[in-house]
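# Breakdown of the fold
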Protein chains: 2
Amino acid sequence: MDIALLAHEQFPERAKTAVGVLRYGDQRVRAVIDRANAGDRVADHVTDVQDAPIVESMADVPDIDALVIGIAPIGGGFEESWRADVRSAIERGCDVIAGLHSFLADDEEFARLAAEYDCELRDLRRPPDDLTVADGTAGDVDPTVVLTVGTDCSSGKMTASYELRDAAREQGIDAAVVPTGQTGVLVEGWGIVVDRVIADFAAGAVERLVERATLDHDLVIVEGQGALAHPAYSGVTTSILHGAQPDSLVLCHVAGRTAVHGYEATAIPPVDEYADLYERVAAPVREAGVVAGMINTQSLADDAAAREAIEEYAAGLGVPATDPVRFGVDEGILEAIQ
Amino acid sequence: MDIALLAHEQFPERAKTAVGVLRYGDQRVRAVIDRANAGDRVADHVTDVQDAPIVESMADVPDIDALVIGIAPIGGGFEESWRADVRSAIERGCDVIAGLHSFLADDEEFARLAAEYDCELRDLRRPPDDLTVADGTAGDVDPTVVLTVGTDCSSGKMTASYELRDAAREQGIDAAVVPTGQTGVLVEGWGIVVDRVIADFAAGAVERLVERATLDHDLVIVEGQGALAHPAYSGVTTSILHGAQPDSLVLCHVAGRTAVHGYEATAIPPVDEYADLYERVAAPVREAGVVAGMINTQSLADDAAAREAIEEYAAGLGVPATDPVRFGVDEGILEAIQ
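Since this is a predicted model, take the numbers as computed values, not measurements.

Basis of the calculations
Residues numbered from 1 in each chain as written. Chains lettered and ligands numbered in written order. Predicted model: local features only at pLDDT ≥ 70, side-chain atom pairs only at ≥ 80, totals over all residues. Heavy atoms only, no water. Contact = heavy atoms within 4.5 Å. Buried area = accessible area lost by both parts, 1.4 Å probe. Salt bridge = Lys/Arg side-chain N within 4 Å of Asp/Glu carboxyl O. Axes fitted to C-alpha atoms, helices over the stretch in contact; angles between N-to-C directions. Helix = DSSP H or I, 4+ residues; strand = E, 2+ residues; numbered from the N terminus. Parallel < 35°, antiparallel > 145°, perpendicular 65-115°, else oblique. Left-handed = near helix turned anticlockwise from the far one by under 90°. Domains from an automatic or database assignment. Nonpolar A, V, L, I, M, F, W, Y, C, P; charged D, E, K, R; others polar. 1 Å grid on protein atoms, 1.4 Å probe; cavity = no way out; pocket = protein on both sides within 12 Å on 5 of 7 lines; lining within 4 Å. Points joined across faces, edges and corners; volume = space filled by probe spheres on them. Pairing = 2+ DSSP bridges. Least-squares fit on C-alpha atoms with pLDDT ≥ 70 in both. Phe/Tyr/Trp six-rings, centres within 6.5 Å; stacked < 30°, edge-to-face > 60°. Buried < 20%, exposed > 50% of the residue type's maximum accessible area, 1.4 Å probe, protein only.

A word on the interface of chain A and chain B. Contact residues are listed per partner, giving 42 residues for chain A and 42 residues for chain B. Carbon and sulfur atoms supply 62% of the area buried between chain A and chain B, which totals about 3,000 Å² over both sides. When the buried area of chain A at its contact with chain B is split by residue, A199(A), D200(A) and P284(A) rank highest and sum to 18% of it. Along the contact surface separating chain A from chain B lie four salt bridges.

Quick look at the structure:
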């Protein structure tokens, strides 16, 4: 499938979905739409992902099958400054895919245009109709279940999940990711965006995903969301922790980040305390230790500084750690999660 | 307002809403509908609440303004065995009020009948349309905010909230309850049923309620939901803990309960550990200590055994404790929460 990624003024740092699809999706990205970086290429900003031109608007995008909204502001609303591009995509007969809290299909103009031009509006965050409360049974499955958790939002949980999966597959292990966020659902073609579910059913949604994935795979890596000490999103995090009932946890962190992104008055606890907090909250439902650490060292220019940050992080946690994008996932970490 | 409470086969132990309205609501309860106890009176089962006859079906209910669904099965679905009573209520011109996850107004037959007989179908769990993520600002308010938390579901958090409020009011303190569940919303006439909110917005919903209540009152008692180590509902609990940013916590427990109700494989941690867990999870967002304990001793026949259970509970927590229904809320506890 050929797509364009809309990421106005946010590419690449605040465009998690766009970068996730560029890195892990099997869609062919024909363009990134970002008026702030138009004229550049993706490779000028992010390496190790598929390259594509960055353009001003839909008018500069070649033939595509779908326009994907690749950014999600806090609150998940639709920004009116994107409307012209979405309208233009529909008028060119493209489907539009979004993971916003406000659904494209509920927008009167888009719904009318989509009907007129015979396009699909795919809202990845729309939950299934038949969710219910968790039975507390995800821990009964045989395959190994690993959950990526974080010290903050946007701390690399999805990236860690995919890098762990790929490293495991290279060793011949039948590993799969359980997608719980919009990018994962887009990349995998299944899953549930857990933060959009009725709060009472969030753990039940994760339980269902884990029980499905463990039917077919030997190692299941659940993509975590939010953070346990986050002022706004901790509920989703806790629902995933208790709904997935994982065997072990991998703690993700951004090097140098000391306050919660967007909530700067809230300090991020030291990583050893944070790991301990996850383990203590997990334990009454199912014992799960933090067995490995993943740290995003993108902000550190040279590899020596990055290695030092990783060593400090590993020492703090008392478990092996890596930056999976910069240095890959080694056998020590793979052994730790099995 | 004159009402009847539907509580088939669940009254009183598993009919939290019915008992809550009987105890704290200003509605006049003309009958409880429970086919298993028809012929008894409320007073045969629960003391210290308004009395009413228990009847077989709507056919035995005198003139009322509204039928209230007073029970909520796990999952919050509508049970077909209630349909005849609801239908009959609507055909008699009564409104129907429910706090189920599945909305009465979405039921084709009820919607059609309600239109025909000009009745209102009030779904207490329907969330406001304009919720969003928390700003993390509830801790900035001046009045004292207390949150009731529990070692399990149905552990007396709502009861504790109302008993604390009433004791405070008797001392001349302007105290109010922030309702976060269906019974509280029914009793207070405002509030949000937080477990029905989109998971991402649950903390934001609580923040909004706290910021509203603290405009008008000096002591605000937030009704907690679920439990932090509950396999299914911990996400809602955590959202309330971080969304409300309380000054202190009151831990509620049921004497003798050692496993999570309905999840018997999951043990309830010892109360001192449980209090510690709440404090540790609260701390990174806002420090809040467990300053008092509330214990439901209903299962203990004599007062001496109840007092012993309370003493043991208080000693375990290291703070004052009481059974607020059996022995009331004394000044020591009121001082502790201020």
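Having seen the structure, we can now continue with the description.
Residues and elements named next belong to chain A. Contact geometry of helix α2 (residues 83–91) with helix α3 (residues 108–117) gives a least axis separation of 9 Å together with a crossing angle of 20°. When the axis of α2 is compared with that of α3, the two are roughly parallel. Between α2 and α3 lies a crossing of right-handed hand. Counting all contacts with α2, which are made through R83, V86, R87, I90 and E91, the residues of α3 involved are E109, F110, L113, A114 and Y117.

Time to look at the domain arrangement of chain A. It is common to give the size of an interface as the accessible area that goes away when the parts come together. All names here are of chain A. Structurally, chain A comprises domain 1 (2–123) and domain 2 (138–337). When each unit is reduced to the centre of its C-alpha atoms, the spacing between domain 1 and domain 2 is 27 Å. In this assembly, 19 residues from domain 1 lie in contact with 14 residues from domain 2. Each partner contributes to the roughly 1,700 Å² buried at the junction of domain 1 and domain 2, and carbon and sulfur atoms together form 54% of this total. The largest per-residue losses of area from domain 1 upon contact with domain 2 belong to R14, Y24 and H101, which jointly make up 35% of the total buried on that side. There are zero salt bridges connecting domain 1 and domain 2. The element contributing the most residues to the side of domain 1 that touches domain 2 is helix α1 (residues 16–24), with six residues. When its residues are assigned to classes, the side of domain 1 that touches domain 2 shows eight nonpolar, seven polar and four charged.

Attention now goes to empty space enclosed by the protein. All names here are of chain A. According to the stated counting rule, one finds one cavity of 30 Å³ or more in the structure shown. Taken as a whole, the largest cavity encloses approximately 30 Å³ of empty space. Considering the residues around the largest cavity, the lining is formed by L147, T148, V149, G150, G224, Q225, T237, I240, L241 and Y278. Looking at the lining of the largest cavity, the elements that each hand over two or more residues are β7 (144–150) and α7 (234–244). By residue number, the principal contributor to the lining of the largest cavity is β7, which donates four residues.

This next bit is on the sheet that holds strand β8 (residues 175–178) of chain A. All names here are of chain A. Sheet architecture is open: six strands sit in the order β8-β9-β7-β10-β13-β14, paired in parallel fashion. In the strand order of this sheet, the two ends are held by β8 and β14 (321–322), each with one partner. Summarising the sheet, β7 and strand β10 (residues 248–254) pair through five bridges and their orientation is parallel. By the bridge assignment, V146 is partnered in β10 with S248. The sheet strands contacting helix α8 (residues 271–282) are β7, β10 and β13 (289–296), and the helix crosses β10 at an angle near 145°. Contacts from helix α9 (residues 303–317) reach β10, β13 and β14, with the element oriented near 160° to β13.

With an RMSD of 0.0 Å, the operation that places chain A on chain B is a rotation of 180° combined with a shift of 0.0 Å along the axis. Both chain copies can therefore be described as sitting about a two-fold axis. The overlap is high: 100% of the interface residues of chain A also sit at the interface in chain B, so the same surface is used on both sides.

Attention now goes to the packing of aromatic side chains. Residue and element names in this part refer to chain A. Counted by the stated rule, this structure contains eight aromatic pairs over all chains. Seen in terms of ring centroids, F78 and W82 are 5.4 Å apart; in terms of plane orientation they differ by 80°. Their pairing is edge-to-face. For W82, a relative accessible area of 2% puts it in the buried group. Between Y274 and Y278, the ring centres sit 5.5 Å apart and the planes meet at 15°, which makes this aromatic pair stacked. With Y274 and Y278 both in helix α8 and four residues apart, this pair spans about one turn of that helix. With respect to burial, Y274 and Y278 carry one shared label: buried. Connected via pairs of aromatic rings, a cluster forms that spans F78, W82 and F110.

Turning to the pattern of salt bridges, a few remarks are in order. Residue and element names in this part refer to chain B. Applying the stated criterion to the full structure yields 38 salt bridges over all chains. Across the salt bridge formed by R286 and D247, the nearest N and O atoms sit 2.5 Å from each other. Of this pair, R286 sits in the loop between α8 (271–282) and β13 (289–296) while D247 sits in the loop between α7 (234–244) and β10 (248–254), and the two are 39 residues apart along the sequence. Exposure remark for R286: the relative accessible area of 26% places this residue in the partly exposed category.

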